[in-house]
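# Structural overview for review
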Amino acid sequence: MGSYARFAQADLCDLAALLDAHFDVVKVRRLWRRHAARNLAGFEADNSEFVADLLKRTPAQRPALVRRLIKQSTPATAAVIIVMAVLACQRAIETIELRDAYAGVLSPGGSNRGTVAGLYRFTRAMAAIQAEFAEYRWPHDAFQIIGLASDKEDEEDEEDEQD
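Predicted, not measured: the structure shown is a model, and the values here were computed from it.

So, about the packing of aromatic side chains. A ring pair, where both rings are aromatic, is described by two values, the distance of the centres and the angle of the planes. A full pass over the atoms with the stated rule returns four aromatic pairs. On the basis of an interplanar angle of 70 degrees and a centroid distance of 5.6 Å, the ring pair of Tyr-102 and Phe-122 is categorised as edge-to-face. One end of the pair, Tyr-102, is in the loop between helix H5 (75-101) and helix H6 (112-134); the other, Phe-122, is in helix H6, with 20 residues separating them in the sequence. Grouping residues by exposure puts Tyr-102 and Phe-122 together as buried. Judged by centre distance (5.1 Å) and plane angle (10 degrees), the rings of Trp-138 and Phe-143 are stacked. Residue classification places Phe-143 among the buried positions, given a relative accessible area of 2%. Three or more aromatic residues link up through ring pairs in this structure, and these residues are Trp-32, Tyr-136, Trp-138 and Phe-143.

Below, the discussion takes up the confidence of the model for the protein chain. Scored by pLDDT, the protein chain has a mean of 89; 90% of the residues are at 70 or more. Element-level mean pLDDT values for the protein chain span from 51 in helix H8 (residues 151-162) up to 95 in helix H4 (residues 62-72).

Now for unusual backbone geometry. Even without glycine at this site, Tyr-136 takes up a positive phi of about 50 degrees. Examined against the element boundaries, Tyr-136 turns out to sit in the loop between H6 and helix H7 (140-145). Residue class for Tyr-136 comes out buried when judged on its relative accessible area of 9%.

Take helix H1 (residues 2-22) next. Along its 21 residues, H1 runs 30 Å from first to last C-alpha, staying within 8% of the 30 Å computed at 1.5 Å per residue. For H1, the complete set of buried residues consists of Ala-5, Ala-8, Asp-11, Leu-12, Cys-13, Leu-15, Ala-16, Leu-18 and Leu-19. On its buried face, H1 is in contact with helix H2 (25-34), helix H3 (37-56), H4, H5 and H7.

What counts, and where the lines are drawn
- Residues numbered from 1 in each chain as written.
- Predicted model: local features only at pLDDT ≥ 70, side-chain atom pairs only at ≥ 80, totals over all residues.
- Heavy atoms only, no water.
- Phe/Tyr/Trp six-rings, centres within 6.5 Å; stacked < 30°, edge-to-face > 60°.
- Helix = DSSP H or I, 4+ residues; strand = E, 2+ residues; numbered from the N terminus.
- Buried < 20%, exposed > 50% of the residue type's maximum accessible area, 1.4 Å probe, protein only.
- pLDDT = per-residue confidence, 0-100.
- Expected span 1.5 Å × (residues − 1).
- Contact = heavy atoms within 4.5 Å.

The structure is reproduced here in structure tokens:
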């Protein structure tokens, strides 16, 4: 499963760079933060096919898809779809790590009681991941990896949140 996690990490970086190539990341982050988590959850539900389509595309195919999304909707919608794809990569990475941590529980050969207890712990950990992503926090780490985040931008965001 490590190769899947490495791929998801590389794809996360590619998607963050795609956002940077087509949009002002700081403006997109401010737009993102103005929306409540429930609005973003609804947006994701309404646009999940677009997010999945973006994830399926190769890096060379993605710019054309972004241009088509901008024409079909708005630049803001296209930008938020890219951020959703970045979050999807983060979810994939965390899910793979969780699966690896509980691989012994999820494979045959254990006691029934131990398996049930392990599955309980696994589902609780999975619920924690889902709860974390339900908050729709801006994926700082994804942009820091490719060198797009700075302390100054973080300070500005904190000031925006206090206003």
